[in-house]
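# Breakdown of the fold
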Amino acid sequence: MNFFLGNFYSIRNDHARAIQYFTRALRMNPDYPAAWILLGHEFVEGKNHAAAINAYREALGKMKLIKKSFLINILEFRS
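Moving on, we get to unusual backbone geometry. A positive phi angle is found at Asn13, which is not glycine, with a value near 60°. Tracing the sequence through the fold places Asn13 in the loop between helix H1 (2–11) and helix H2 (15–28). In this structure, Lys47 takes a positive phi of about 65° despite not being glycine. Within the element layout of this structure, Lys47 appears in the loop between helix H3 (33–45) and helix H4 (49–62).

Within the secondary structure, Asn48 is located in the loop between H3 and H4. By relative accessible area, Asn48 is classed as partly exposed at 36%.

With that out of the way, let us pick up the environment of Gln20. By the element assignment, Gln20 lies in helix H2. Considered as a pair, Gln20 and Gly6 are 14 residues apart in the sequence and their alpha carbons are 7.4 Å apart.

The subject of this paragraph is H3. Taking 1.5 Å per residue, 13 residues should reach 18 Å; H3 reaches 19 Å between its end C-alpha atoms and fits that length. Pro33, Ala35, Trp36, Ile37, Leu39, Gly40, His41, Glu42 and Phe43 are the residues of H3 that are buried. One or two residues past the end of H3 sits Lys47, with phi positive at roughly 65°.

Moving on, we come to the pattern of salt bridges. Per the stated rule, a full pass over the model turns up two salt bridges. The residue Asp31 makes a salt bridge to Lys62 at a minimum N-O spacing of 3.5 Å. Placement of Asp31 in the loop between H2 and H3 and of Lys62 in helix H4 is noted, with a sequence separation of 31 residues between them. You can call Asp31 exposed: its relative accessible area is 51%. With a closest N to O distance of 3.8 Å, Lys62 and Glu58 form a salt bridge. In this pair, Lys62 and Glu58 both sit in helix H4, four residues apart, roughly one turn of the helix. Assessed through its relative accessible area of 24%, Lys62 is described here as partly exposed. Glu58 sits in the partly exposed class, given a relative accessible area of 34%. One salt-bridge network, in which partners are shared between bridges, spans Asp31, Glu58 and Lys62.

Conventions we followed
- Residues numbered from 1 in each chain as written.
- Predicted model: local features only at pLDDT ≥ 70, side-chain atom pairs only at ≥ 80, totals over all residues.
- Heavy atoms only, no water.
- Helix = DSSP H or I, 4+ residues; strand = E, 2+ residues; numbered from the N terminus.
- Buried < 20%, exposed > 50% of the residue type's maximum accessible area, 1.4 Å probe, protein only.
- Expected span 1.5 Å × (residues − 1).
- Salt bridge = Lys/Arg side-chain N within 4 Å of Asp/Glu carboxyl O.

Take a look at the structure:
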């Protein structure tokens, strides 16, 4: 539920709330790469680049079946 609320607030450009809910989702399941990626996107929106990089690194560390190059392509598409 927290993951979906994070998405909801992200779409509404309420980045502080989105970060709050993605963080809650990660407390429940810290091995969820999608939540780390979206948390990173929210940090980018808030110009907190150091936190964004850390979130993306966490996502990379959690991904076992998805190639790292796929994530890089996603990040390039987003920018």
